[in-house]
Number of protein chains: 2
Amino acid sequence: MADLIIKRGHVITINGGVIDNGVIVVDNGIITHVGKDTKEKADRVIDAKGCAVLPGLVNAHTHVSMTLLRGAADNFPFKEWLDKIQQAEMKLTPRCVRAGAYLGVLEMIKSGTTAFADMYFHMDEVAEVVRETGIRASLGYGMIEGMNEEPEVKLKNRAEFNLKWNGAATSRISTMYAPHSPLSCSKEFLLRVKEQAARDGTGIHIHVLETEDELGSMKEKYGMCSVNLLDSIGMLDSRTIAAHCIWLSDGDIELLKNRNVNVAHCPTSNMALGVGTAPVPKMLDKGVNVALGTDGAASSGSLDMWNEMRAASAIHKSKGNNGITPRKLLEMATVNGAKALDINAGVLKPGCCADIIIVDTGKLQLVPGDIYSALVYGVSGFDVRTTIVDGKILMEDYEVKVLEEEKVIEGARKAALKIDGDN
Amino acid sequence: MADLIIKRGHVITINGGVIDNGVIVVDNGIITHVGKDTKEKADRVIDAKGCAVLPGLVNAHTHVSMTLLRGAADNFPFKEWLDKIQQAEMKLTPRCVRAGAYLGVLEMIKSGTTAFADMYFHMDEVAEVVRETGIRASLGYGMIEGMNEEPEVKLKNRAEFNLKWNGAATSRISTMYAPHSPLSCSKEFLLRVKEQAARDGTGIHIHVLETEDELGSMKEKYGMCSVNLLDSIGMLDSRTIAAHCIWLSDGDIELLKNRNVNVAHCPTSNMALGVGTAPVPKMLDKGVNVALGTDGAASSGSLDMWNEMRAASAIHKSKGNNGITPRKLLEMATVNGAKALDINAGVLKPGCCADIIIVDTGKLQLVPGDIYSALVYGVSGFDVRTTIVDGKILMEDYEVKVLEEEKVIEGARKAALKIDGDN
């Protein structure tokens, strides 16, 4: 007797084609069978007729509690935006960060994201929310050298955070070291981070070349760009998530590929902040593992990964090439993201974590059209019917089971008012 | 006794600020009062607590029946895309155009669009759908010189179409002459169109400088760009909708302003086809009336004007300026569009047509945030609760009253299959 069977859906396996009227069997949090049929019985059977069944989406770069700063600094270019946001962030108490995390996780569960890579502060709050809600996350406690604690204390505190949370919540939580960027952390500090990460066996999550200013400053300071500097200290490997990666040379792309680095492309945020466009079609051509991230809601406005797929489609098509195909965009949002977070998910096949979403494909905005095209261009977060992580149903038939929506919204409103009130 | 009162909503008047807990009175299809309170009684009272109340959105450039070609030619640059689409269009029977119009109008009603400017063929079908469903439209029967009828016959047929439909359906339908573009119609033909439009007192809806190729070809053929050619025959005035307007010089922008031309900006389509970015911030600075359009769903993927506002925000911010404010984007999608279509709508004030939408603002993706920012960045078509045109409720509490959704979807699927099947 298995735990769960999802039947009669249009199964988009991502790595193994599409199965019409397919069946998925889940036992003990793991997918045990994907096919046309099964003789297995299960405690729970979900009828997915009229729906697509996909692996859950993976948000490879976000700051989830920034949902609280949504709309706080619209229509400012990057530097002014950052200034305003940092001023607001100084007012964020641990309680605020938790309220923002609840709001963000609620949005992710509702829009079909089953795992996310986060980087922020007061991260114990975020970890508690992840543990409580059942979503999966890779958590990085941000580090800006010179801010708050002394470097040695910071490194020690982060090691303690990682020790506390890595593998927690039946392995739904993993941790990463999260130095903010090669500009806000010195080479020496980054080297220490790298050593600790190697010692602890964890990955690294870092912003890389988000702005042209960073490129200029790095060349001035080190005579080389961020990618080369990180490579010089051995920080580029398959356990690294490099967010943004906009101002890359062809040589940088080659290096990212050779070192198996994971790039988190965040097109909505990049457009909103006017910081440039990452050379994603070129990276994909070269075989770089490019995942998708929403970045924080203070720049992207939402944590909806369907928006992010469409934004990635739009911005690269607008550059006059043929853009990225819908099928490739879905891969970026699933299997590429899972690889970046080093989780055994992102595809529907036996042996993988049962991180699965069910999406209503009967809606008018998907009519007519090829299934990949319809999913990427037609679906929004509001069409996700059911979200499952580790075989556990977090949302079913549009109803979130693990959070009280009104309470979460009320909490976020109150926390946001507190920030405004202090002005 | 009035017909309808909408009370307790957050009233976004567009031209006269925001009224919290406001009231709108509608009688005989017209808004008779907007304020904090009223002593009037009405047959119907709608409680809009927890919602924003706005003028309906105006889609200033679309080809509604192209919903049927959604996803038919993804990931092709403009010329190849056009080639594939035109091949598909040759198979579209009047019945197909009607099925596509039903699907498109359903999407518009659901996403809060109350009026649209259309340009296509078999337009009697579209007109019938507009009449039947209660939406408002300005319909242009497309003209490409040399395609189908002889020029004289074409001009005669279009005059007959206009005579038949202009002012029909209690004035919800108006008509425009719709020569396809200054490249696909000769100067002589356009002059004849202009004369007929002046004679009939109707506007003109035309594509202008959508591609750099058009700019080059016009300069080669006439020694001037499309804007100057249209001006030379008197076609630029306040009754003209110029769609796209991407490849403009500063002088062209000046001319569009001086002639009071309405520009329909279609950012999603423009990005998808990689044809360039219209200089919208510059046009707005100069005072040009820039409205928003989705273009056809074969390029934009949807007819959701909320998407379109977000796309306009994203693409212009991505160019490194501060972009367009949320408030201005809402104006473009409402009052500017109404001006382009020459309809007395787009704002909430006494004397205007009661084209009104009610939008749920309690949803998590709008929390927290300034109301304009939340509406533009947070709302999607799926948050529109009620859509009213001419005081008549077309959708209430998410339920479309004037169309059977499943039947419309089924009809569109069948019509689309027919096109595929003939391949």
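Residues numbered from 1 in each chain as written. Chains lettered and ligands numbered in written order. Predicted model: local features only at pLDDT ≥ 70, side-chain atom pairs only at ≥ 80, totals over all residues. Heavy atoms only, no water.

### A closer look at the relation of the copies chain B and chain A
Mapping between the two copies of the chain is achieved by a rotation about an axis and a shift along the axis. Superposing chain B onto chain A takes a rotation of 180 degrees combined with a translation of 0.0 Å along the rotation axis, leaving an RMSD of 0.0 Å. The transformation just described matches what one would write down for a two-fold rotation axis. (Least-squares fit on C-alpha atoms with pLDDT ≥ 70 in both.)

### What to know about the state of the cysteines
All names here are of chain B. A complete count under the given rule lists zero disulfides over all chains for this structure. Its sulfur unpaired, C225 is 9.7 Å from the next cysteine sulfur, which belongs to C245. With a relative accessible area of 4%, C225 lands in the buried category. No disulfide involves C353; its sulfur sits 7.0 Å from that of C352, the nearest cysteine. In this structure C353 comes out as buried when scored by relative accessible area, which is 12%. (Disulfide = S-S within 2.5 Å. Buried < 20%, exposed > 50% of the residue type's maximum accessible area, 1.4 Å probe, protein only.)

### A look at the interface of chain B and chain A
Every contact between the two is made by 43 residues of chain B and, on the other side, 43 residues of chain A. When chain B packs against chain A, the two sides together hide about 3600 Å² of surface, and 60% of this comes from carbon and sulfur. On the chain B side of the interface with chain A, the three residues burying the most area are N75, L364 and V367 of chain B, jointly 20% of the side's total. Joining chain B to chain A, the criterion identifies zero salt bridges. At the junction of chain B with chain A, the criterion picks out eight residue pairs in polar contact (both at pLDDT 80 or more). Within the residue set of the side of chain B that touches chain A, elements represented by two or more residues are α2 (94–111), α9 (267–273), α12 (305–318), α15 (371–378) and α16 (405–421) of chain B. Top element by residues in the side of chain B that touches chain A is α16 of chain B. It accounts for five residues. (Contact = heavy atoms within 4.5 Å. Buried area = accessible area lost by both parts, 1.4 Å probe. Salt bridge = Lys/Arg side-chain N within 4 Å of Asp/Glu carboxyl O. Polar contact = N/O pair within 3.5 Å; in protein donor to acceptor, adjacent residues only side chain to side chain. Helix = DSSP H or I, 4+ residues; strand = E, 2+ residues; numbered from the N terminus.)

### Thoughts on the packing of α12 of chain B against α15 of chain B
Residue and element names in this part refer to chain B. Two elements in contact, α12 and α15, have axes separated by 8 Å at closest approach and are oriented at 100 degrees. Put simply, α12 runs roughly perpendicular to α15. On α15, the residues touching W306, M309, R310, S313 and K317 of α12 are L375, V376, Y377 and G378. Of the residues in the contact of α12 with α15, the class split is five nonpolar, two polar and two charged. (Axes fitted to C-alpha atoms, helices over the stretch in contact; angles between N-to-C directions. Parallel < 35°, antiparallel > 145°, perpendicular 65-115°, else oblique. Nonpolar A, V, L, I, M, F, W, Y, C, P; charged D, E, K, R; others polar.)

### Looking at the pairing of strand β12 (residues 262–265) of chain A
Residue and element names in this part refer to chain A. Side-chain alternation along β12 places N262 and A264 on one buried face and V263 and H265 on a second face that is also buried. One ladder, built from three bridges, connects strand β11 (residues 240–244) with β12; its direction is parallel. Directly across from A242, in β12, lies its bridge partner V263. With helix α9 (residues 250–258) bridging β11 and the parallel β12, this β-α-β connection has right-handed handedness. Relative to strand β13 (residues 289–292), β12 runs parallel, the two being bridged by four bridges. Each bridged residue has a counterpart across the sheet, and for N262 the counterpart in β13 is N289. (Pairing = 2+ DSSP bridges. Right-handed = clockwise from strand over helix to strand, strands pointing away.)

### Details of the domain arrangement of chain A
Residue and element names in this part refer to chain A. If you check the domain split of chain A, you get domain 1 (2–55 + 347–400) and domain 2 (57–341). The C-alpha centroid of domain 2 is placed 28 Å from the C-alpha centroid of domain 1. Counting residues at the interface gives 25 residues for domain 1, matched by 28 residues for domain 2. Area buried by domain 1 at its contact with domain 2 is led by I14, V376 and Y377, which between them contribute 27% of it. Remark: the boundary between domain 1 and domain 2 carries two salt bridges. The salt bridge involving R136 is made with D355; its shortest N-O contact spans 2.7 Å. At the boundary of domain 1 and domain 2, one finds eight residue pairs in polar contact (both at pLDDT 80 or more). Only β5 (51–55), β14 (356–360), α16 (371–378), β15 (384–389) and β16 (392–396) provide two or more residues apiece to the side of domain 1 that touches domain 2. No other element matches the six residues that α16 contributes to the side of domain 1 that touches domain 2. Residues of the side of domain 1 that touches domain 2, tallied by class, amount to 18 nonpolar, five polar and two charged. (Domains from an automatic or database assignment.)

### Things to note about the sheet that holds strand β8 (residues 136–143) of chain B
Residue and element names in this part refer to chain B. In spatial order, the strands read β6-β7-β8-β9-β10-β11-β12-β13; together these eight strands make up an open sheet with parallel pairing. Whereas interior strands pair on both sides, the edge strands pair on one side only; in this sheet they are β6 (57–62) and β13 (289–292). Put simply, the sheet's adjacent strands are angled 25 degrees from each other on average, direction ignored. Here β6 runs beside strand β7 (residues 113–120); their pairing, made up of four bridges, is parallel. Across the sheet, N59 pairs through a bridge with F116, a residue of β7. Strand contacts of α12: β6, β7, β12 (262–265) and β13, with the helix running at about 75 degrees to β6, the strand carrying the most contacts.

### Brief notes about the sheet that holds β11 of chain A
All names here are of chain A. Pairing is parallel across the open sheet formed by eight strands, whose spatial order is β6-β7-β8-β9-β10-β11-β12-β13. If you trace the sheet from one side to the other, it starts and ends with β6 (57–62) and β13, each paired once. Ignoring strand direction, the axes of neighbouring strands in this sheet form an average angle of 25 degrees. Sheet strands touched by helix α13 (residues 305–318): β6, β7 (113–120), β12 and β13. Its angle to β6, the strand with the most contacts, is close to 75 degrees.

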